[in-house]
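Residue-level structure breakdown
Below are the chains, spelled out letter by letter.
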Amino acid sequence: MAKNERLDKVLANMGYGSRKDVKRYIKDGLVTVNGNTIIKSEYKVNPYEDVITINGEELRYREYIYLMMNKPMGLVSSTDDPFTRTVIDLLSEEYLNYKPFPVGRLDKDTEGLLLISNDGKLAHELLSPKKHVDKKYYAEIDGTVEEEHITIFKEGIVLDDGYKTLPAELEIIESGVFSKVNLIIREGKFHQIKRMFEALSMKVIYLKRIQMGTLILDETLSPGEYRELTDEEVDYLKER
Ligand code: URA
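The paragraphs below set out a description of the structure included in this document. (Residues numbered from 1 in each chain as written. Predicted model: local features only at pLDDT ≥ 70, side-chain atom pairs only at ≥ 80, totals over all residues. Heavy atoms only, no water.)

The biggest cluster of nonpolar side chains holds 45 residues, and the ones touching the most others in it are Leu 7, Leu 11, Ile 52, Leu 183 and Phe 197. Element by element, the count of residues in this core is highest for helix α1 (residues 7-13), at four residues. Look past the residues within four positions of Ile 52 in its chain and what remains in contact with it is Leu 7, Val 10, Leu 11, Val 31, Thr 32, Val 33, Val 45, Glu 57, Glu 58 and Leu 59. The next biggest cluster of nonpolar side chains, apart from the first, holds 16 residues, and it includes Tyr 66, Leu 126, Leu 215 and Leu 229. (Core = buried A, V, L, I, M, F, W, Y, C linked by side-chain atoms within 4.5 Å. Buried < 20%, exposed > 50% of the residue type's maximum accessible area, 1.4 Å probe, protein only. Helix = DSSP H or I, 4+ residues; strand = E, 2+ residues; numbered from the N terminus. Contact = heavy atoms within 4.5 Å.)

Now the structure itself:
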């Protein structure tokens, strides 16, 4: 946002209502700028420096939002889709003005950690294939995952299209006819984990992302719930 913007535009952009709503709040004397009540919508403010209150509540202008969602199954991780609900459809109105998008994709039937933001630079840092950001998943497998598979994953697995994956870190939680594992991968090829197990004649029956870089899924979030990242979580993500 520019340094000097109309007051109504700043308030509407921050999700305090439609342009029409915020014009009314301003006219009704509910908005102050640096301690003075302003009743003109076209009044110019610097959203980065001026202290603006609405109904006595001070607003903090921010350019970027960072949300952690526990993605539920059944939704696609894109901004819009002609046939299916998307993760963005779960967000409340106040966030939509920021034009958020999912940072990376999870399959429709995958659950777990999804970062949603409008910070293109951070998204690039996290998704660029050159950066090799670790992504940790919990998976339930139809098949017996055994100790020897740890080395096989570490050496890389050749997928159906001939691509050999980067070393992946497998941790076996339970081994049996059905197995439970954690797996860390450093890239994000299409259906990568499902295809890695398929290459070993096994099938992923449940998949949940639990970590991406330094960001760990907040297990208090039920599928479909989300929260803003703490300042610390944002800093760690940017520092990595
Ligand atoms: N690997 C998959 O197969 N699916 C996902 O959603 C993520 C990683």
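A separate point is the site of the ligand. Inspection of the region around the ligand gives Leu 106, Asp 107, Thr 110, Tyr 137, His 191, Gln 192, Ile 193, Lys 194 and Leu 207 as its neighbouring residues. The contact in question runs from an oxygen atom of the ligand to an N or O atom on the side chain of Thr 110, over 2.9 Å. The separation between an oxygen atom of the ligand and a polar main-chain atom of His 191 is 3.3 Å. One can see that the ligand is located within the largest pocket. Per element, the largest residue contribution to the shell around the ligand is three residues, and it comes from helix α6 (residues 192-198). Tallied by class, residues from the shell around the ligand come to four nonpolar, three polar and two charged. When residues of the shell around the ligand are assigned to domains, at least three fall in each of domain 2 (66-129 + 215-239) and domain 3 (135-212). (Near = heavy atom within 4 Å. Polar contact = N/O pair within 3.5 Å; in protein donor to acceptor, adjacent residues only side chain to side chain. 1 Å grid on protein atoms, 1.4 Å probe; cavity = no way out; pocket = protein on both sides within 12 Å on 5 of 7 lines; lining within 4 Å. Sits in = over half its atoms within 2 Å of the grid points. Nonpolar A, V, L, I, M, F, W, Y, C, P; charged D, E, K, R; others polar. Domains from an automatic or database assignment.)

Time to look at the pattern of salt bridges. This structure, assessed with the given rule, holds 16 salt bridges. Between Arg 195 and Asp 161 there is a salt bridge; the shortest N-O distance is 3.1 Å. Of the two residues, Arg 195 is situated in helix α6 and Asp 161 in the loop between α5 (147-155) and β11 (169-174); the sequence distance between them amounts to 34 residues. For the salt bridge of Arg 227 with Asp 218, the shortest nitrogen-to-oxygen distance reads 2.7 Å. By relative accessible area, Asp 218 is classed as buried at 17%. (Salt bridge = Lys/Arg side-chain N within 4 Å of Asp/Glu carboxyl O.)

A surface patch of nonpolar side chains, amounting to about 320 Å² of accessible area, comprises Val 177, Phe 178 and Ile 205. Tracing the backbone shows Ile 205 in strand β13 (residues 203-212). Here Ile 205 falls in the partly exposed class, since its relative accessible area comes to 47%. (Patch = residues over 30% accessible without salt bridge, like charges linked within 9 Å, V, L, I, M, F, W, Y side chains within 5 Å. Areas by Shrake-Rupley, 256 points an atom, 1.4 Å probe, with all protein chains shown as cover.)

The next thing to look at is a negative patch on the surface. Taken together, the side chains of Asp 231, Glu 232, Asp 235 and Glu 239 present a region of like negative charge at the surface. As for its position among the elements, Glu 232 is in helix α7 (residues 231-239). Judged by its relative accessible area of 52%, Glu 232 falls in the exposed class. (Lys, Arg positive; Asp, Glu negative; His and termini not counted. Charge placed at Lys NZ, Arg CZ, Asp CG, Glu CD.)

On to the sheet that holds strand β2 (residues 31-33). Strand order in the open sheet formed by four strands is β3-β2-β5-β6, with antiparallel pairing between adjacent strands. Both edges of this open sheet fall to β3 (36-37) and β6 (57-58), since each of them pairs with a single strand only. For β2 and β3, the ladder comprises two bridges, and the chain directions are antiparallel. Residue pairing across strands places Thr 32 opposite Thr 37, the latter belonging to β3. (Pairing = 2+ DSSP bridges.)

Attention now goes to the packing of aromatic side chains. Applying the stated criterion across every chain yields a total of four aromatic pairs. Aromatic side chains Tyr 95 and Tyr 226 sit 6.0 Å apart centroid to centroid with 75° between the ring planes, which places their arrangement in the edge-to-face category. Of this pair, Tyr 95 sits in helix α3 (residues 93-96) while Tyr 226 is found in strand β15 (residues 226-228), placing the two residues 131 residues apart along the sequence. Looking at Tyr 95, the relative accessible area reads 8%, which means it is buried. Between Phe 153 and Phe 197 the ring centres are 5.1 Å apart and the planes differ by 50°, which places this aromatic pair in the tilted class. Of this pair, Phe 153 sits in helix α5 while Phe 197 sits in helix α6, and the two are 44 residues apart along the sequence. Across the pair, Phe 197 and Phe 153 agree in class, each one buried. Over the ring of Tyr 163 we find Lys 189; its NZ or CZ atom is 4.7 Å from the centre of that ring. (Phe/Tyr/Trp six-rings, centres within 6.5 Å; stacked < 30°, edge-to-face > 60°. Lys NZ or Arg CZ within 6 Å of the ring centre and 35° of its normal.)

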